[in-house]
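# Report on the structure
Listed here are the chains, written in short residue letters.
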Amino acid sequence: MSMEVFLENGRGILLAYDQGLEHGPTDLNERNVDPASIMGLAVSGRFNGVVFQKGLAERYYDGGVPLILKVNGKTNLVKGEPLARQNCSVKRAHEIGAKGVGYTIYVGSAHESIMFEEFGRIQEEAHKLGMAAIAWIYPRGEAIKNDTAPEIVAYAARTGLELGADAVKIKYTGDVQSFRWAVKSAGKARVFMSGGPKAPSEVDFLTQVRGVLDAGAAGLAVGRNVWQNSDPSRMARVLRRLVIEDRSVEEAVKI
Ligand code: FBP
């Protein structure tokens, strides 16, 4: 299944908003705690897709941009080896209007085989319905000492390709050269950078994004670095200039 619906000039910026489940409302403020504000931002900021869990999608998705329905997730209250099981069927995601499903796989976890099995089934069901299957691939658990080490990130990317993901969402290694190997390892699976906590400065974040693009990635799936920004709409415009229009950081911020 193609990712084309989420791409413009071969690039895409996806607005992620499942942190209320993954981290709790401590990530949110008076404004962005309202999912309707994020749906509005996705449309006005011309994002290439928005990522919701089922509960938000059913109540707030308005069809303004393509939807990726996240079909698994967990809170950060659970300790030990990470496992996130499926919580929404692919059929339901399709009924809600999703063009893709998202699923997190914690590679390296003692429970990775359960997530491999679930993702395998979800990918087949999604493709039958003409939807993309996007894997958030996060190396995590006792066995993982450094989840951004180049060989670990490349392994994560490759795992997504091996399991049939149309796109993989992985963390940046911190330098273009090593991330290029991760992108190569992902083969025909498109690579999206995972945003992470709000960066110390806007330029730090944008420089990371420029790095992943220069390494051959398709774009990014980002949440906190956009909707925690003091001016999310401006950040959306800057990101479009950087990612879709392929400008330098210096040019992109001149708005
Ligand atoms: P951010 O840009 O806010 O990091 O969002 C990307 C994302 O993958 C979300 O979809 C997810 O909620 C979160 O990161 C998971 O973060 P982690 O598991 O690293 O705490």
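You'll find the structure just up there.
Residues numbered from 1 in each chain as written. Predicted model: local features only at pLDDT ≥ 70, side-chain atom pairs only at ≥ 80, totals over all residues. Heavy atoms only, no water.

### Some points on the layout of surface pockets
Cut-off, in case you're wondering: In this analysis, the protein atoms alone were mapped onto a 1 Å grid. Cavities are point sets where a 1.4 Å probe fits without being able to get out; pockets are open sets with protein on both sides within 12 Å along at least five of seven lines; lining residues have an atom within 4 Å of a point. Grid points are joined across faces, edges and corners, and a volume is the space filled by probe spheres set on the points. What counts as a helix is a DSSP run of H or I of at least four residues, what counts as a strand is a run of E of at least two, and both are numbered from the N terminus. The residue classification treats Ala, Val, Leu, Ile, Met, Phe, Trp, Tyr, Cys and Pro as nonpolar and Asp, Glu, Lys and Arg as charged. All others, Gly included, are polar.
Taken as a whole, the largest pocket holds about 500 Å³ of empty space. For the largest pocket, the lining is made up of 28 residues, of which Glu22, His23, Tyr138, Arg140 and Arg224 are closest to its centre. For the lining of the largest pocket, the secondary structure elements donating two or more residues are helix 1 (19-22) and strand 8 (219-222). Grouping the constituent residues of the lining of the largest pocket by class yields 10 nonpolar, 9 polar and 9 charged.

### Overview of empty space enclosed by the protein
Taken as a whole and assessed by the stated rule, the structure comprises 1 cavity of 30 Å³ or more. Roughly 50 Å³ of volume is contained in the largest cavity. Surrounding the largest cavity, Ile137, Tyr138, Pro139, Arg140, Asp147, Val153, Ala156, Ile170 and Lys171 form its lining. Each residue belonging to the lining of the largest cavity can be placed in one class, and the counts come to 6 nonpolar, no polar and 3 charged.

### Some points on the environment of Gln19
Selection rule: By definition, residues are in contact when any of their heavy atoms lie within 4.5 Å.
The topology assignment puts Gln19 in helix 1. Separated by 205 residues in the primary sequence, Gln19 and Arg224 have C-alpha atoms spaced 8.5 Å apart. When near neighbours in sequence (up to four residues on either side) are disregarded, Gln19 contacts Gly24, Asp27, Gly223, Arg224 and Trp227.

### Comments concerning the site of the ligand
Note the cut-off: One heavy atom suffices: a residue is near a molecule or strand as soon as one of its heavy atoms comes within 4 Å of it. Any N or O atom pair separated by 3.5 Å or less is treated as a polar contact, with the protein-specific requirement of one donor-capable and one acceptor-capable atom, and with residues adjacent in sequence counted only for side-chain atom pairs. Surface exposure here means Shrake-Rupley accessible area, sampled with a 1.4 Å probe, where a residue is shielded only by the protein chains that are shown. Pocket or cavity membership: a molecule qualifies when more than half of its atoms sit within 2 Å of the grid points of that site.
Taken together, 15 residues surround the ligand, and among them Asp18, His23, Tyr138, Lys169 and Gly196 come closest. Arg140 is positioned with one of its side-chain polar atoms (N or O) 2.8 Å from an oxygen atom of the ligand. Gly223 is positioned such that a nitrogen or oxygen atom in its backbone is 2.8 Å from an oxygen atom of the ligand. For the ligand, whose free accessible area comes to 470 Å², the fraction covered by protein is 91%. Here the ligand occupies the largest pocket. When grouped by side-chain class, the residues that make up the shell around the ligand number 4 nonpolar, 6 polar and 5 charged.

### Considering the side chain of Arg224
Short version of the rule: Partly exposed describes any residue whose relative accessible area lies between the buried limit of under 20% and the exposed limit of over 50%, with all areas from a 1.4 Å probe on protein chains only and scaled to the type maximum. None of His or the chain ends enter the tally, which takes Lys and Arg as positive and Asp and Glu as negative. Just to be clear on terms, a salt bridge is a Lys or Arg side-chain nitrogen sitting within 4 Å of an Asp or Glu carboxyl oxygen.
If you trace the backbone, Arg224 turns up in helix 9 (residues 224-227). In this structure, Arg224 is buried with no salt-bridge partner, the nearest side chain bearing the opposite charge being Asp27 at 4.1 Å. Every residue in contact with Arg224, bar those within four places of it in the chain, is listed here: Gln19, His23, Asp27, Gly196, Pro197, Lys198 and Asn229.

### Let's talk about helix 2 (residues 35-44)
Inclusion rule: Each direction from the helix axis to a C-beta atom contributes to the arc, which is the arc of those directions.
Listed as buried for helix 2 are Pro35, Ile38, Met39, Leu41 and Ala42. Down the axis of helix 2, the smallest arc covering the buried residues is 160°, so these residues share one side. Elements that come into contact with the buried residues of helix 2 comprise strand 1 (12-16), strand 2 (49-53), helix 3 (54-60), helix 9 and helix 10 (232-244). You can read the cap of helix 2 off the contacts: a side-chain oxygen lies 3.0 Å from the backbone nitrogen of Ala36, and it is on Asp34.

### Notes on the packing of helix 6 (residues 150-162) against helix 7 (residues 176-185)
Test applied: Note on geometry: axes are C-alpha line fits, over the in-contact stretch for helices, and angles between N-to-C directions span 0 to 180 degrees. Any angle between 65 and 115 degrees counts as roughly perpendicular, while under 35 counts as roughly parallel, over 145 as roughly antiparallel, and the rest as oblique. Crossings are classed by handedness, with left-handed meaning an anticlockwise turn of the near helix from the far one by less than a right angle and right-handed meaning a clockwise turn.
Two numbers describe how helix 6 lies on helix 7: the axes approach to 7 Å, and their chain directions differ by 20°. Overall, the two elements helix 6 and helix 7 adopt an arrangement that is roughly parallel. Like other packed secondary-structure pairs, helix 6 and helix 7 cross with a definite hand, here right-handed. Residues Pro150, Val153, Ala154, Ala157, Arg158 and Leu161 of helix 6 pack against Ser178, Phe179, Trp181, Ala182 and Ser185 of helix 7.

### Comments concerning the pattern of salt bridges
If you walk through the whole model with that rule in mind, you get 15 salt bridges. The salt bridge involving Lys171 is made with Asp147; its shortest N-O contact spans 2.9 Å. With Lys171 in the loop between strand 6 (167-170) and helix 7 and Asp147 in the loop between strand 5 (132-137) and helix 6, the pair connects residues that are 24 residues apart, well separated along the chain. Through salt bridges with shared partners, a single ionic network connects Arg11, Arg210, Asp214 and Asp246.

### A closer look at the sheet that holds strand 6
Here is the rule: Only strands joined by at least two bridges in the DSSP assignment are considered to pair.
The 8 strands are arranged 1-2-3-4-5-6-7-8 in a closed barrel whose pairing can be described as parallel. Here the strands of the sheet are splayed against their neighbours by 25° on average, with no regard to which way each runs. With 3 bridges connecting them, strand 7 (residues 190-194) and strand 8 associate as parallel partners. Pairing of Ser194 across the sheet is with Ala221, part of strand 8. Packed onto the sheet, helix 2 meets strand 1 and strand 2 and runs at close to 160° relative to strand 2. Set on the sheet, helix 10 makes contact with strand 1 and strand 8; between it and strand 1 the angle comes to about 145°.

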